[in-house]
Amino acid sequence: MLNLRNYTTVEKATDNWNEASKVGVRANYRRLISFLSERGKLTTNEGENITTATLEEINEFLIVHCGRMDSYQSITIRVNDFSKLFNEVFGISVRFLNIPPNEIVKDNEGIYTKEEIIAICDQFINSQDKFLVYGIWYGLKDKRFDDITGIRVDEVDFLKEEIIVGEKIIKMDETLTMYCKSAIEEVAYYKLGEVDGSSNEAYDLNTNSPYIVRSKPQKNNNMGLSKMTFNGLRTRIANLNNSLEEYGVSLKPQKLYIGGVIYKMHEESLKNNITWNNSTIKDFKRKYNISAFSTDTLLLYKNKYN
């Protein structure tokens, strides 16, 4: 039998892990405990979870669960984090095996969970890019997807953890707050792939710009003081996609936004045991200040989380 401790132990032990790993391993631990309980392979002893499942069965669970993700990189992170959890926290020596790349299921391609989008952002060098991608996923949008490029530094209230987007006031979570602060403080932008910043493609940002998302200073943008154009945003996203191509990741603003919406639906469903219908969707849209919601969004939610 294996002693898998309990969620409190896992929570405390992973407190200093990076955000993506911490969120991912905690969520997968909950899923594992639920999985084992449903199959009659879990008992509790003095508040700790004891399982009769073998390490091979747990590895199979990881593969089945993680195989629904689109990115081989994301799956690798999840499996490695679970190996670390078992070795360092549970004292169980094991190295879980990853799913072969050719067996990854392309499920809802471009629709990412919070754990997945954080893992993607971890691949970026620049905080500007992390704020941009996570921000679109999070829903920093009023009427257009390039609304995020018009957010000014003075429209962020870190004490209230709020940000103004067009005519909306949006509450920030811990991750968005962190990315936002780092993006504001960033003084240089480095070419994707140049971790040490030694590339001659690196350039200084104009820190006098009133905007959080900043362009390369040039004459046609008032030396970086003007808002990033729509074409500038498209170019930035295209460059990010090129850097992520080897991981099989695709970033499209529309799908990023929808992925964030249906993740919020998933959280609400788990927290409040919601069944989605016209009434509950209306309440959900009001709560999160969401204007657009199509039948396709509900179908994508069901396909991703049911």
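Before reading further, recall that the structure is shown in the block above.
Residues numbered from 1 in each chain as written. Predicted model: local features only at pLDDT ≥ 70, side-chain atom pairs only at ≥ 80, totals over all residues. Heavy atoms only, no water.

Enquirer: Teacher, can you tell me more about the overall build of the chain here?
Expert: A tally of helices and strands in the chain yields 11 helices and eight strands. Nonlocal contacts in the chain, meaning residues at least 24 apart in sequence, comprise 65% of its contacts between residues at least 6 apart. Of the roughly 15,800 Å² of accessible surface on the chain, a fraction of 47% belongs to carbon and sulfur atoms. (Helix = DSSP H or I, 4+ residues; strand = E, 2+ residues; numbered from the N terminus. Contact = heavy atoms within 4.5 Å. Areas by Shrake-Rupley, 256 points an atom, 1.4 Å probe, with all protein chains shown as cover.)

Enquirer: What is the right way to read helix H7 (residues 174-185) from this model?
Expert: Because an α-helix packs 3.6 residues into every turn, residues spaced three or four apart end up facing the same way. If you check H7, its first and last C-alpha atoms are 17 Å apart, about what 12 residues at 1.5 Å a residue would give, namely 16 Å. Three or more residues of H7 are buried, namely Thr-175, Leu-176, Thr-177, Tyr-179, Cys-180, Ala-183 and Ile-184. Close packing links the buried residues of H7 with helix H2 (19-38), helix H5 (114-121), helix H6 (127-138) and strand S4 (156-157). The N-cap of H7, judged by a side-chain oxygen 3.3 Å from the amide nitrogen of Thr-175 a few residues on, is Asp-173. (Expected span 1.5 Å × (residues − 1). Buried < 20%, exposed > 50% of the residue type's maximum accessible area, 1.4 Å probe, protein only. Polar contact = N/O pair within 3.5 Å; in protein donor to acceptor, adjacent residues only side chain to side chain.)

Enquirer: What is the right way to read the pairing of strand S3 (residues 48-51) from this model?
Expert: Regular strands place side chains that alternate from one sheet face to the opposite one. Relative to S3, strand S1 (residues 2-3) is paired through two bridges, and the arrangement is antiparallel. Bridging across to S3, Leu-2 finds its partner in Thr-51. Bridge analysis of strand S2 (residues 42-45) against S3 gives four bridges, and the strand direction is antiparallel. What sits directly across from Thr-44, in S3, is Asn-49. (Pairing = 2+ DSSP bridges.)

Enquirer: Hey, could you run me through the sheet that holds S2 in this one?
Expert: Remark on secondary structure: sheet strands pair via backbone hydrogen bonds, oriented parallel or antiparallel. Spatially, S1-S3-S2 is the arrangement adopted by the three strands of the open sheet, whose pairing is antiparallel. The open sheet terminates on both sides in strands that have one partner only, identified here as S1 and S2.

Enquirer: What am I meant to see in the nonpolar core here?
Expert: Core analysis: the biggest nonpolar cluster contains 52 residues, and Ile-117, Phe-131, Tyr-134, Leu-140, Ile-163, Ile-212 and Leu-251 have the highest contact counts within it. Looking at this core, the elements that each hand over two or more residues are H5, H6, strand S5 (162-165), H7, helix H8 (230-244), helix H9 (253-272), helix H10 (278-287) and helix H11 (295-305). When neighbours within four sequence positions are excluded, Ile-163 is seen to be in contact with Phe-131, Leu-140, Ile-151, Glu-155, Val-156, Lys-168, Ile-169, Ile-170, Met-172 and Ile-212. (Core = buried A, V, L, I, M, F, W, Y, C linked by side-chain atoms within 4.5 Å.)

Enquirer: I tried to follow the sheet that holds strand S6 (residues 168-171) on my own but got confused; where do I start?
Expert: Overall, antiparallel pairing links the three strands, which are arranged S4-S5-S6 in an open sheet. Every other strand in the sheet has two partners, leaving S4 and S6 as the edge strands with one partner each. Here S4 pairs with S5 via two bridges, running antiparallel. Bridged to Asp-157 within S5 is Glu-162.

Enquirer: Which parts of the structure should I look at to understand the pattern of salt bridges?
Expert: Any two side chains of opposite charge can pair if their charged atoms end up close together. Tallied over the entire structure, the rule returns 12 salt bridges. Ionic pairing is found between Arg-78 and Asp-81, a salt bridge with its closest N-O pair at 3.8 Å. Placement of both Arg-78 and Asp-81 in helix H4 (residues 72-89) is noted, with a separation of three residues, approximately one turn of the helix. Of the two residues, Arg-78 and Asp-81, both sit in the buried class. (Salt bridge = Lys/Arg side-chain N within 4 Å of Asp/Glu carboxyl O.)

Enquirer: How do you make sense of the side chain of Glu-268 when you look at a structure like this?
Expert: Among the structural elements, Glu-268 can be located in helix H9. A distance of 2.7 Å separates polar atoms of two side chains, one belonging to Glu-268 and the other to Lys-287. At 2.8 Å, the side chain of Glu-268 and the side chain of Tyr-288 are in polar contact. Those residues in contact with Glu-268 that lie beyond four places of it in its chain are Asn-273, Ile-274, Trp-276, Phe-284, Lys-287 and Tyr-288.

Enquirer: Please clarify how the pairing of S5 should be interpreted in this entry.
Expert: On S5, burial follows the alternation: Ile-163 and Val-165 on one face are buried, whereas Glu-162 and Ile-164 on the facing-out side are not. Connecting the antiparallel pair S4 and S5 is a turn made up of four residues, with Glu-161 showing a positive phi of about 55 degrees. Across four bridges, the pairing between S5 and S6 is antiparallel. Pairing of Glu-162 across the sheet is with Lys-171, part of S6. The turn joining S5 and S6, which pair antiparallel and follow one another in sequence, is formed by two residues; a positive phi near 65 degrees is taken by Gly-166.

Enquirer: Could you clarify how one ought to interpret the packing of aromatic side chains in this entry?
Expert: A complete count under the given rule lists 15 aromatic pairs for this structure. Ring geometry for Phe-35 against Phe-61: centres 4.9 Å apart, planes inclined by 40 degrees, an arrangement best described as tilted. Taken as a pair, Phe-35 in helix H2 and Phe-61 in helix H3 (residues 55-66) lie far apart in primary sequence, 26 residues in all. Relative accessible area serves as the criterion here: at 24%, Phe-35 is assigned to the partly exposed category. (Phe/Tyr/Trp six-rings, centres within 6.5 Å; stacked < 30°, edge-to-face > 60°.)

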